[in-house]
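The residues making up each chain are set out below.
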Amino acid sequence: MGEKSKSKGGCCGWFIAFVILAIVVGAVVYTVKKKFGHSGSDKAAPVPGPPGAVDQKYATALKTSLQFFDIQKSGKLVNNKIPWRGDSGLKDGSQAKLDLTKGMYDAGDHIKFGFPMAFTATVLSWAILEYGDQMDHVGQLVSAQDSLKWVTDYLISAHPSANVLYIQVGDPVADHKCWERPEDMTEARPLIQVNESYPGSDIAAETAAAMASASLVFKKTDSAYSSTLLKHAKQLFTFADKNRGYYSESIPEVQTYYNSTGYGDELLWAASWLYHATGDDSYLEFVTGQDGEDYADWGSPTWFSWDNKLAGTQVLLSRLSFFKAKDISNSYGSGLQSYRKTAEAVMCGLLPDSPTATKSRTDEGLIWVSQWNSLQQPVASAFLAVVYSDYMLTSQTPKLKCDSDSYTPSDLRDFAKSQADYVLGKNPMDMSFLVGYGDKFPQFVHHRGASIPADAKTGCKDGFKWLDSSDPNPNVATGALVGGPFLNETFIDSRNNSMQTEPSTYNSAVIVGLLSSLVTTSSVVQSFT
């Protein structure tokens, strides 16, 4: 007995020593990894090839998300895919002898706000340019292009002369006094414009960005249309640059809805897209010269949204330092590096383990900035992160440095996936915030057309009974990305809770971009032209 006990005690001693050694070795490995990078190697990951295996979850969600653009269309609907939608806004623009019937309603109401609509088009163009091959691989490219053209057709009509841009159709005050289907509207649809006397550098530049980026999308398939878009983009940029001013100061009534907090970001954003579309160095001189000094806010990460384009501009211009020829780097190197360094700071702020990680997130890791439309920033951030990740992969850039730590492209992609997965249902509510995706999604979306039966005979005022109804929406607003959860990760599914349940086209643009990037892995193109 005694001999046996001694042997057992020896085994325990060796076991304890082994456990301690394992802990020490593990701690050393962790410290080394933390100090020298998450992959433990400075070797770049292989460049992905053409689109390969499809992640069906993201492919299904992408197909779902694109349908919301069809729901939001104004005008004479062609090949209408939404059974409860019909023609609407057929006289829009007639008082100015313009055809402003197309375009899209921005959210749950029936106003065509040019500022967010143009941003929607710019981001959708960017998504197609980066990930059109992946969209095509899962059969969604044509749908995305059709939705983009529905908006750009409208933007062309809204720019009848070099220094005139129609920026709004409809009266928001009158519109919000009604709850009705767009097909049944009878209210006056006044027009608002910016011009030399009432400038709007922000909205004119955003519209220029939309047209310049879209010109690249259609360059190979419809060169004449592409040229038309580019002509408008150049004129609008010149108008925005030469007649500087906030559109929300020129037109104070828009401040309640889409107030612009600056126009410098839009000027830089538009010039960046015009450089990609034209190769004209004057646009590169613009973003790296005095206007860059004045407006780029280098070194200060910001959130990407319909109101602030700086983070998007920084990532887009990083393309040039990743892929462009040496002569550009030599001529504009310091300015471009300032954009790239700020883009890196944006990325480091998003990575949850980074020393400079933002604390603006929920307990479950969702980026959270605003209680109004809370999903805009996390989805937009995730889109930028995966784009930057793919720039790194394609250019064989192995590491992103964040203070003393370094991270790989796969770390950025994992962050992007975490935000996408949260939106699609991996959250404390077990709810998909993308309407029509998954088993559980919002049933009381703040959206007039979805809330009123297609055969209902209601006018402006008596339609409010549908807003206040306790029944779920009779029509599913498929593809709508609703506002999203509160910071404490709660969500009140109520039609009257527009803060959380109202969708928007600009939310759709960023989720389409994000999902397109995740459906499969392939390298981004090194040039848009």
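Quick caveat: nothing in here was measured; it's all calculated off a predicted structure. (Residues numbered from 1 in each chain as written. Predicted model: local features only at pLDDT ≥ 70, side-chain atom pairs only at ≥ 80, totals over all residues. Heavy atoms only, no water.)

(A) Inspection of the pattern of salt bridges at higher detail. By the definition in use, this model includes 18 salt bridges. Lys-112 serves as the salt-bridge partner of Asp-92, at 2.8 Å between the closest nitrogen and oxygen. A residue pair is termed long-range when its members are at least 10 positions apart, and Asp-92 in the loop between helix H2 (56-71) and strand E1 (112-113) and Lys-112 in strand E1 qualify at 20 residues. For Asp-92, a relative accessible area of 3% corresponds to the buried category. (Salt bridge = Lys/Arg side-chain N within 4 Å of Asp/Glu carboxyl O. Helix = DSSP H or I, 4+ residues; strand = E, 2+ residues; numbered from the N terminus. Buried < 20%, exposed > 50% of the residue type's maximum accessible area, 1.4 Å probe, protein only.)

(B) Local environment of a negative patch on the surface. Together, Asp-280, Asp-281, Glu-285 and Asp-327 give the surface a local cluster of negative charge. With respect to the helices, strands and loops of the structure, Asp-281 is situated in helix H11 (residues 281-288). Note on Asp-281: relative accessible area 35%, which makes it partly exposed. (Patch = residues over 30% accessible without salt bridge, like charges linked within 9 Å, V, L, I, M, F, W, Y side chains within 5 Å. Areas by Shrake-Rupley, 256 points an atom, 1.4 Å probe, with all protein chains shown as cover. Lys, Arg positive; Asp, Glu negative; His and termini not counted. Charge placed at Lys NZ, Arg CZ, Asp CG, Glu CD.)

(C) Region of interest: the packing of helix H15 (residues 376-394) against helix H20 (residues 505-518). Running from amino to carboxyl end, H15 crosses H20 at an angle of 35°, the nearest separation of the two axes being 9 Å. Judged by the twist between their axes, the crossing of H15 over H20 is left-handed. Where H15 approaches H20, its residues Gln-376, Val-379, Ala-380, Ala-382, Phe-383 and Val-386 are matched on the opposing element by Tyr-506, Asn-507, Val-510, Ile-511, Gly-513, Leu-514, Ser-517 and Leu-518. Classifying every residue of the contact of H15 with H20 gives ten nonpolar, four polar and no charged. (Axes fitted to C-alpha atoms, helices over the stretch in contact; angles between N-to-C directions. Left-handed = near helix turned anticlockwise from the far one by under 90°. Contact = heavy atoms within 4.5 Å. Nonpolar A, V, L, I, M, F, W, Y, C, P; charged D, E, K, R; others polar.)

(D) A look at the packing of aromatic side chains. Tallied over the entire structure, the rule returns 26 aromatic pairs. Summarising the aromatic geometry, the rings of Tyr-258 and Tyr-506 are spaced 5.9 Å apart at their centres and angled 90° between planes, so their arrangement reads as edge-to-face. With a gap of 248 residues between them, Tyr-258 in helix H9 (residues 255-258) and Tyr-506 in helix H20 connect regions that are remote in the sequence. Residue Tyr-258 is classed as buried on the basis of its relative accessible area of 6%. Of the residues examined, Tyr-506 reaches a relative accessible area of 7% and is grouped as buried. The rings of Phe-113, Phe-115, Tyr-247, Tyr-257, Tyr-258, Trp-306 and Tyr-506 are connected pair by pair, giving a single aromatic cluster. (Phe/Tyr/Trp six-rings, centres within 6.5 Å; stacked < 30°, edge-to-face > 60°.)

(E) How the structure looks around the environment of Ser-522. Locating Ser-522 in the fold gives a position in the segment after H20. Note: C-alpha distance between Ser-522 and Pro-50 (472 residues apart in sequence) is 5.3 Å. Contact partners of Ser-522, with chain neighbours within four places excluded, come to Pro-48, Gly-49, Pro-50, Pro-51, Asp-133, Gln-134 and Asp-390. Reaching out from Ser-522, the side chain makes a polar contact with the side chain of Asp-133 at a distance of 3.2 Å. Here Gln-134 takes part through its side chain, which lies 2.6 Å from a polar atom of the side chain of Ser-522. (Polar contact = N/O pair within 3.5 Å; in protein donor to acceptor, adjacent residues only side chain to side chain.)

(F) Geometry of the nonpolar core. Counting residues in each nonpolar core, the largest one holds 155 residues, and the members touching the most others are Trp-126, Trp-273, Met-347 and Phe-433. Top contributing element to this core by residue count: helix H3 (residues 114-137), with 13 residues. With near-sequence residues (within four places) excluded, Phe-433 lies in contact with Leu-375, Tyr-422, Val-423, Asn-427, Pro-442, Ala-480, Leu-481, Val-482, Gly-484, Pro-485 and Phe-491. (Core = buried A, V, L, I, M, F, W, Y, C linked by side-chain atoms within 4.5 Å.)

(G) View of the sheet that holds E1. Ordered in space as E1-E2-E3, the three strands form an open sheet in which the pairing is antiparallel. Since the sheet does not close on itself, it has two edges, and those belong to E1 and strand E3 (191-194), each with one partner. Note: strand E2 (residues 165-169) against E3, four bridges, orientation antiparallel. Paired with Leu-165 across the strands is Val-194, a residue of E3. (Pairing = 2+ DSSP bridges.)

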